[in-house]
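Chain by chain, the residues run as shown.
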Amino acid sequence: MEKPDTDTEEKEKNMGKNIKNGCVTIGDTEMYYASFGTGGKNMIVLPGLSDGLATVKGKAFILSSPYKKFMKDYTIYMFSRKNKMPEGYSIKDMADDQVEVLKKLGITKTSVLGVSQGGMISQCIAIYHPEVVEKLVLAVTAPNANEVGEDAVSGWIKMAEEDDYTKLMVDTAEKMYSEKYLSKNRKMFPIIAKFTKPKSYDRFFKNAKAILDFDARNELSQITAPTLIIAGSDDKTVGNAAAPELHQGIAGSELYIYEGLGHGAFEEAKDFYERAFSFCG
């Protein structure tokens, strides 16, 4: 009989302690999160518009992979937006609610990594709640719904209104990934769409419309937290001018651009998370 791998068993046991699914009540609804690690430093991660189609509920283990090497030093929280969103729910409202939830979890100071729409929410947290933000990483995001972003998001809203989820997913991928990535994976997106279609587009519509109404350009100078801006050189979702505009508007910020990558740089660049966490120290 083969001897049990006790080292593997112990690792899996410890992994279960370090990776958790959570939920916080806020008003008359809830906000789901996934947490990774038990380190003394905090990092919160705010995802993009895809959160309007599927929350992080119950997905902590699946989502933990990019963060495993940082879990010794950090406690990392990935948050969804709250479940029930009122009409006219803005990016600033999302930021205010996020800070309220942080306080309920006892998090008074944290590094913030915001991706795409999550980067817009992160800007508002840094502008209106500067006392919370230790370091700020803004990835593949923009200070407003510029022409490129407005065209992309408006198109996705129309696809959702027509209930064409396959077209929505395929178009999102085409605007997100590099041609190298797409050439290997393009055939998979229609198949994946068949198994991931949401029951309702309500959260998606509210998240998407909040993007279209967002404009923080006049408030960027209020961001005082050390800031790293990460972008791809060929971003078909927020455009290539967005990152330099953020860099110009946020005093002392650093800018790093992945050549040949686009809006999916945070997935395609092998050193993306190393770069983000190294900046946050």
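Residues numbered from 1 in each chain as written. Predicted model: local features only at pLDDT ≥ 70, side-chain atom pairs only at ≥ 80, totals over all residues. Heavy atoms only, no water.

1. Quick notes on the environment of Thr-172
Selection criterion: Counting from the N terminus, the helices are the DSSP runs of H or I reaching at least four residues and the strands are the DSSP runs of E reaching at least two. Type-normalised accessible area, obtained with a 1.4 Å probe on protein chains alone, sets the label of each residue: buried when under 20%, exposed when over 50%, and partly exposed for intermediate values.
When you line up the elements, Thr-172 lands in helix α6 (residues 165–176). The class for Thr-172 is partly exposed, based on a relative accessible area of 26%.

2. A closer look at the pattern of salt bridges
Applied cut-off: A side-chain nitrogen of Lys or Arg and a carboxyl oxygen of Asp or Glu constitute a salt bridge if their distance falls within 4 Å.
Applying the stated criterion across every chain yields a total of 14 salt bridges. For Asp-28, the salt bridge goes to Lys-84, with nearest N and O atoms at 3.3 Å. Of this pair, Asp-28 sits in the loop between β1 (19–26) and β2 (29–36) while Lys-84 sits in the loop between β4 (74–79) and α3 (91–104), and the two are 56 residues apart along the sequence. A relative accessible area of 59% means that Asp-28 is categorised as exposed. What makes Lys-84 partly exposed here is its relative accessible area of 48%. Overlapping salt bridges bring together Glu-87, Asp-202 and Lys-206 as one network.

3. Here's the deal with the layout of surface pockets
Definition in use: Lining residues are defined by having an atom within 4 Å of a point belonging to a cavity or pocket. Those points lie on a 1 Å grid over the protein atoms alone, cavities being sets where a 1.4 Å probe fits but cannot get out and pockets being open sets with protein on both sides within 12 Å along at least five of seven lines. Grid points are joined across faces, edges and corners, and a volume is the space filled by probe spheres set on the points. Residue polarity is assigned by list, with Asp, Glu, Lys and Arg as charged and Ala, Val, Leu, Ile, Met, Phe, Trp, Tyr, Cys and Pro as nonpolar; anything else, Gly included, falls into the polar class.
Considering only enclosed or pocket space, the second largest pocket measures out at about 270 Å³ in volume. Considering the residues around the second largest pocket, the lining is formed by 17 residues, among which Gly-88, Tyr-89, Ser-90, Ala-210 and Asp-213 are closest to the centre. At 4 residues, the largest contribution of residues to the lining of the second largest pocket is made by helix α9 (residues 202–212). Split into classes, the residues belonging to the lining of the second largest pocket amount to 8 nonpolar, 2 polar and 7 charged.

4. Notes on the sheet that holds β2
Defined as follows: At least two bridges found by DSSP between two strands are what make those strands a pair. All axes here are fitted lines through C-alpha atoms, helices being fitted over the stretch that makes contact, and every angle between N-to-C directions spans 0 to 180 degrees. By definition in these notes, contact holds between two residues if any of their heavy atoms fall within 4.5 Å.
Taken in spatial order, the 8 strands of this open sheet run β1-β2-β4-β3-β5-β6-β7-β8, and their pairing is mixed. Every interior strand has two partners, whereas the edge strands, β1 and β8 (254–258), have only one. Taken over all neighbouring pairs, the strand axes of this sheet differ in orientation by 20 degrees on average, direction set aside. The strands that helix α12 (residues 272–280) touches are β3 (41–46), β4, β5 (110–115), β6 (133–139), β7 (227–232) and β8; relative to β6, the one it contacts most, it runs at about 155 degrees.

5. Regarding a nonpolar patch on the surface
The test is simple: Patches were defined on residues exceeding 30% relative accessible area and lacking a salt bridge, with like-charge contacts within 9 Å and nonpolar side-chain contacts (Val, Leu, Ile, Met, Phe, Trp, Tyr) within 5 Å. Surface exposure here means Shrake-Rupley accessible area, sampled with a 1.4 Å probe, where a residue is shielded only by the protein chains that are shown.
A cluster of nonpolar side chains, namely Met-188, Ile-191, Ile-192 and Phe-195, defines an oily patch on the protein surface of about 410 Å² accessible area. Topologically, Phe-195 is positioned in helix α8 (residues 188–196). The exposure class of Phe-195 is exposed, given its relative accessible area of 70%.

6. Quick look at helix α10 (residues 242–249)
Quick note on the threshold: Directions pointing from the helix axis toward each C-beta atom define the arc.
For α10, the set of buried residues is Ala-242, Ala-243 and Leu-246. Down the axis of α10, the buried side of the element spans an arc of 100 degrees, and every buried residue falls inside it. For α10, the secondary structure elements touched by its buried residues are α4 (117–128), β6, β7 and β8.

7. What to know about the confidence of the model for the protein
For clarity, the cut-off: Confidence scores labelled pLDDT are given residue by residue by the predictor and lie between 0 and 100.
In the predicted model, the protein carries a mean pLDDT of 94, and the fraction of residues at 70 or more is 94%. Confidence drops under a pLDDT of 50 for residues 1–15, and excluding neighbours within four residues, the segment shows 4 contacts in the predicted structure.

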